Amino acid sequence: MKTTQATKPAGDTRNPPLLEVNKLRTVFRTNDGEVYAVNDLSFRLEKGETLGVVGESGSGKSQLVLSIINLLASNGHARGSIRFRGQELIGMKPREINRIRGNRIGMIFQDPMTCLNPYLTIERQMTEVLMLHQGMDRKTARQQSIGMLDAVHIPDAANRLKRYPHEFSGGMRQRVMIAMALLCQPDLLIADEPTTALDVTVQAQIIQLMNELQKEFGMSIIMITHDLGVIAGISDNVMVMYGGRICEYAPVFELFQQPRHPYTRGLLQSVPRLDLAGNMRLHSIPGNPPNLLELPAGCAFADRCEQRLEICSREQPALRELAPAHFSACHREAES
Ligand SMILES: Nc1ncnc2c1ncn2[C@@H]1O[C@H](COP(=O)(O)OP(=O)(O)OP(=O)(O)O)[C@@H](O)[C@H]1O
Ligand SMILES: [Mg+2]
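So, a few notes on the structure that sits alongside this text. Counting restarts for each chain: residues are numbered from 1 in the order of the written sequence. Ligands are numbered from 1 and chains lettered from A, in the order in which they are written. Totals for whole chains, interfaces and linings use every residue, but because this is a predicted model, local features are given only for residues with pLDDT of at least 70 and side-chain atom pairs only at 80 or more, for both listing and counting. Based on all heavy atoms of the structure, the side-chain values leave hydrogens and waters out of the count.

1. Details of the nonpolar core
Ranked by internal contacts, the top residues of the largest apolar core, which has 39 residues, are M126, I178 and M210. Runs of H or I in DSSP of at least four residues are treated as helices and runs of E of at least two as strands, each being numbered from the N terminus. The set of elements that each furnish at least two residues to this core consists of helix 3 (122–134), helix 4 (138–151), helix 6 (170–182), strand 7 (188–192), helix 7 (200–217), strand 8 (220–224) and helix 8 (228–234). A per-element tally of this core places helix 6 first, with 7 residues. In what follows, residue pairs with any heavy atoms lying within 4.5 Å of each other are defined as contacts. Dropping the residues within four chain positions of it, M126 is found in contact with S145, M148, L149, L161, A179, M180 and L183. Throughout this description, the term nonpolar core refers to a set of buried Ala, Val, Leu, Ile, Met, Phe, Trp, Tyr and Cys residues connected via side-chain atoms within 4.5 Å. In this scheme, a residue with accessible area under 20% of its type's maximum is buried, one over 50% is exposed, and one in between is partly exposed, where area comes from a 1.4 Å probe on protein chains only. Formed by 38 residues, the second largest nonpolar core is a distinct cluster that contains I105, I190, M239 and L292.

2. A few points about the packing of aromatic side chains
Working definition: a ring pair exists when centres of Phe, Tyr or Trp rings (six-membered ring for Trp) sit within 6.5 Å. Plane angles under 30 degrees give stacked, over 60 give edge-to-face, the rest tilted. For the coordinates displayed, the defined rule picks out 4 aromatic pairs. Ring centres of Y263 and F301 lie 5.2 Å apart, and the angle between their planes is 65°; on these two criteria the pair is classed as edge-to-face. One end of the pair, Y263, is in helix 10 (residues 262–268); the other, F301, is in the loop between helix 10 and strand 11 (320–323), with 38 residues separating them in the sequence. By relative accessible area, Y263 is classed as buried at 0%. Ring-pair connections join several aromatic residues into one group, and the members of that group are Y242, Y263 and F301.

3. Re the pairing of strand 6 (residues 105–108)
The side-chain alternation of strand 6 yields two buried faces, one formed by I105 and M107 and the other by G106 and I108. Only strands that DSSP links by at least two bridges are regarded as paired with each other. Here strand 6 runs beside strand 7; their pairing, made up of 4 bridges, is parallel. When the sheet's bridge partners are listed, I105 is paired in strand 7 with L188.

4. Regarding the packing of helix 6 against helix 7
Helix-helix packing is characterised by the crossing angle of the two axes and by the distance between the axes. The N-to-C vectors of helix 6 and helix 7 enclose an angle of 20°; their axes lie 10 Å apart at closest approach. Regarding the angle of helix 6 to helix 7, the classification is roughly parallel. When you trace helix 6 past helix 7, the crossing you get is right-handed. Residue-level inspection shows G171, Q174, R175, I178 and L182 of helix 6 in contact with helix 7, the latter providing V202, Q205, I206, L209, M210 and L213. In this description, a line fitted to the C-alpha atoms serves as the axis of each element, helices being fitted only across the stretch in contact, and the angle between N-to-C directions of two axes falls anywhere from 0 to 180 degrees. Here the angle decides the label: under 35 degrees means roughly parallel, over 145 means roughly antiparallel, 65 to 115 means roughly perpendicular, and every other value means oblique. The sense of a crossing depends on the near helix, which, turned anticlockwise from the far helix by less than a right angle, makes the crossing left-handed and, turned clockwise, makes it right-handed.

5. Comments concerning the sheet that holds strand 5 (residues 87–88)
If you trace the 4 strands from one edge of the open sheet to the other, you get 2-1-4-5, paired in antiparallel fashion. Two strands lie at the open edges of the sheet, namely strand 2 (33–45) and strand 5, each paired on one side alone. Sheet topology places strand 1 (residues 19–30) next to strand 2; 9 bridges connect them, and they run antiparallel. What sits directly across from E20, in strand 2, is R44.

6. Quick notes on the environment of S42
One can find S42 in strand 2. In this structure the C-alpha to C-alpha distance between S42 and R25, which are 17 residues apart in sequence, comes to 9.7 Å. Among residues more than four places away in sequence, those in contact with S42 are P9, V21, N22, K23 and I246. Reaching out from S42, the side chain makes a polar contact with the side chain of N22 at a distance of 3.5 Å. One polar contact links the side chain of S42 to the main-chain amide nitrogen of K23, over a distance of 2.9 Å. Identification of polar contacts relies on pairs of N or O atoms within 3.5 Å, with a donor-acceptor requirement for protein atoms, meaning one able to donate a hydrogen and the other able to accept it, and with residues adjacent in sequence counted only if both atoms are side-chain atoms.

Geometric descriptors of this kind do not, in isolation, establish any biological role.
Below you can see the structure in the form of structure tokens.
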């Protein structure tokens, strides 16, 4: 069993990946004390790879990606290292990171209205991104915007461009947001629950669209979702988070076939077969998530774990590679 020669998620340094996060810690100052939202988290993402991120509410998924794009709330602070195309993002000047964010990293959220301005036409919003970030003239920017709306299968794109966001249905608005995120052909697309608010059919269409666009543009994707069907449909690798840490990380097929961490097993329990339609939501596990104001010395899941050992509440388990590219942080596995 390897512990230090991990190929992923920590990785070797000879071939720098698209994104390499090392010992990331994200802390929020609050009146009650410091909230430890992301704790000592490391992983790497290759070009063209899709990483699915799952975990219960409050496990740190959104704060992880907000740390990457430097959009934490003002009481939050990220430490450690986030290298994007070899460039360190932590500590980068706001102006530089803004340029990367608009150009190289696209972001889509659950609610498109967090990205779209209700008072401006789609045309104005799309063309301004291209004029600002790529120095295009208005006419070229308009052509490019129409091309991108076509790419996300919005019919009659030239006319739709003149509309305001509220004139689109939920699914169409989501497409517009994806089109906007892809306008500058980013190397990385970060999607935080992009399909949660949509009905199942539209959701499936959006996932198919993202797969299609990924093939066309070759970008990498980080996809946060509670939906295992989405994870199965889009991910190469899956990261399971608990208490701001990675508890398991594995190729998608392996994770579903052979989950190793008791928390992952709990989440996957009673999930119907992935090739069948049905309820794909994560299973809920009895007990409460850890208090992030006071993280325990040992495994954050120990209180809720039916297989805990004596060591679990004393010592933090290391993330170990149990099979090629399959990592789990559990004392039980370390014993076997
Ligand atoms: N500005 C803030 N100040 C204090 N704590 C915060 C702040 N923003 C987030 N947190 C805390 O950070 C923790 C992780 O939050 P995060 O938003 O990453 O969860 P999540 O995994 O995305 O959950 P969900 O599935 O509900 O979206 C939570 O306990 C949350 O309360
Ligand atoms: Mg979230």
